[in-house]
Amino acid sequence: MTTNAPITLFYSPQTRATGARVLLEELKVPYELHVLNMKTGEQRQPAYLAINPLGKVPAVRVGDTLVTEQGAIYLYLADLFPEAGLAPALTDPDRGAYVRWLFIYGSCFEPAVVDRYMKREPGSMNETPYASYDSLIDLLEQTMKKGPYLLGERFTAADLLWGIALRWTTMFGLVEERPAFQAYMNRIGSRASIQQVSAEDAVMVVEHEAAAARLKATS
Ligand SMILES: N[C@@H](CCC(=O)N[C@@H](CS)C(=O)NCC(=O)O)C(=O)O
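Keep in mind the model is a prediction, meaning the values are calculated, not measured.

A short note on the overall build of the protein chain
Right, so step 1: Along the backbone of the protein chain there are 8 helices and 4 strands.
Right, so step 2: The order of helices and strands in the protein chain, counted from the N terminus, is β-α-β-α-β-β-α-α-α-α-α-α.
Right, so step 3: For the protein chain, the C-alpha radius of gyration of 18 Å lies close to 17 Å, the compact-globule estimate for 219 residues.
Right, so step 4: In terms of overall dimensions, the protein chain has a C-alpha envelope of 55 × 45 × 30 Å along the principal axes.
Right, so step 5: Within the protein chain, the fraction of its 219 residues that count as buried is 47%.
Right, so step 6: When contacts within the protein chain are restricted to residue pairs at least 6 apart in sequence, those whose partners lie at least 24 apart make up 64%.
Right, so step 7: Just so you have it, the protein chain exposes about 11200 Å², and 55% of that area is on carbon and sulfur atoms.
Right, so step 8: Considering the protein chain, the positive charge centre built from 21 side chains and the negative charge centre built from 25 side chains are found 3 Å apart.

Right, dumping it as structure tokens:
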């Protein structure tokens, strides 16, 4: 382990924070969960806004270092624990593709699926940050068809980010279920870390909904 500093993950179940927790499990490092009930709005309370002024999860604190934004969190944590082998080193030829996929996620994929979700007409290819939805999804499909992972034979932290993202975006119909996506999701989704965190998330969500219902009943 390259740091003994305490790790805290600011977390809500079945959100974009799920992947950050899966990554910590894959890194096999101890961490503390600071759970926020988003159904009662804890993420918008001053205590959490002091951590992330945008009121979004995930956020992770390692000692005195605070990181927000999924891509940044994956990059930081996988580099911090290189012995887990989930991040190609800076000098490794695979590093380019690795960081590229981490950034395509936040810079292109999320804007593309959010436009789709909001039923917003994207601009022309030179106006959007992702060219066009179809070109982005086709690039993803070609890469996953080659597989088995984004970097070919090598499994990295970027696969956790993308495997989980594809799961929720296909579930919401924001990405169509192409065979290459299904095969990739099955491959990533069968990992013990994802199974375990998803099962714990399902329990936590029920507790959060019950707490929100109780709050509503007394207000
Ligand atoms: N750009 C952020 C987005 C994170 C995000 O949207 N998180 C959602 C949960 S999936 C959230 O915290 N929503 C709470 C809210 O907006 O009130 C990232 O990639 O980490």
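Examining the pairing of strand S1 (residues 7–11)
Right, so step 1: The element S1 is extensively covered by neighbouring structure, given that 5 of its 5 residues are classed as buried.
Right, so step 2: Along S1, one buried face is formed by Ile-7, Leu-9 and Tyr-11 and the opposite face, lined by Thr-8 and Phe-10, is buried too.
Right, so step 3: Judged from the 4 bridges that link them, S1 and strand S2 (residues 32–35) form a sheet pairing that is parallel. Residue pairing for S2: Thr-8 is matched across the bridge by Glu-32.

Observations concerning the sheet that holds S1
Right, so step 1: Taken in spatial order, the 4 strands of this open sheet run S2-S1-S3-S4, and their pairing is mixed. On the outer flanks of this sheet lie S2 and strand S4 (65–68), each paired with one strand and no other. The sheet shows a mean angle of 20° between the axes of neighbouring strands, taken without regard to direction.
Right, so step 2: Relative to S1, helix H1 (residues 17–27) is tilted by about 155°, and along the sheet it contacts S1 and S2.

Focus on the site of the ligand
Right, so step 1: Around the ligand, the structure places Thr-15, Arg-16, Met-38, Gln-43, Arg-44, Gly-55, Lys-56, Val-57, Pro-58, Glu-69 and Gln-70.
Right, so step 2: Contact between the ligand and Val-57: an oxygen atom at 2.8 Å from a main-chain N or O atom of the residue.
Right, so step 3: One of the side-chain N or O atoms of Glu-69 is found 2.6 Å from a nitrogen atom in the ligand.
Right, so step 4: Bound to the protein, the ligand loses 78% of the 510 Å² it would expose on its own.
Right, so step 5: Split by residue class, the shell around the ligand holds 3 nonpolar, 4 polar and 4 charged.

Details of the packing of helix H6 (residues 157–171) against helix H7 (residues 179–189)
Right, so step 1: Relative orientation of the contacting elements H6 and H7 amounts to 120°, with a least axis distance of 9 Å. The orientation of H6 with respect to H7, classified from their angle, is oblique. When the axes of H6 and H7 are compared, the crossing they make is left-handed. The residues of H7 that touch H6, namely those facing Ala-158, Asp-159, Leu-160, Trp-162, Gly-163, Leu-166, Arg-167 and Thr-170, are Phe-181, Tyr-184, Met-185 and Ile-188.
Right, so step 2: Residues of the contact of H6 with H7, tallied by class, amount to 8 nonpolar, 2 polar and 2 charged.

Re the nonpolar core
Right, so step 1: One finds Leu-77, Tyr-98, Phe-109, Met-144 and Trp-162 to be the most contacted residues of the largest nonpolar core, which totals 65 residues.
Right, so step 2: With 9 residues, the single largest contributor to this core is helix H4 (residues 95–117).
Right, so step 3: Excluding residues within four positions of it along the chain, Leu-77 makes contact with Leu-23, Leu-24, Leu-27, Val-60 and Val-62.

Quick notes on the rules
Residues numbered from 1 in each chain as written. Predicted model: local features only at pLDDT ≥ 70, side-chain atom pairs only at ≥ 80, totals over all residues. Heavy atoms only, no water. Helix = DSSP H or I, 4+ residues; strand = E, 2+ residues; numbered from the N terminus. Rg over C-alpha atoms; globule rule 2.2 N^0.38 Å. Buried < 20%, exposed > 50% of the residue type's maximum accessible area, 1.4 Å probe, protein only. Contact = heavy atoms within 4.5 Å. Areas by Shrake-Rupley, 256 points an atom, 1.4 Å probe, with all protein chains shown as cover. Lys, Arg positive; Asp, Glu negative; His and termini not counted. Charge placed at Lys NZ, Arg CZ, Asp CG, Glu CD. Pairing = 2+ DSSP bridges. Axes fitted to C-alpha atoms, helices over the stretch in contact; angles between N-to-C directions. Near = heavy atom within 4 Å. Polar contact = N/O pair within 3.5 Å; in protein donor to acceptor, adjacent residues only side chain to side chain. Nonpolar A, V, L, I, M, F, W, Y, C, P; charged D, E, K, R; others polar. Parallel < 35°, antiparallel > 145°, perpendicular 65-115°, else oblique. Left-handed = near helix turned anticlockwise from the far one by under 90°. Core = buried A, V, L, I, M, F, W, Y, C linked by side-chain atoms within 4.5 Å.

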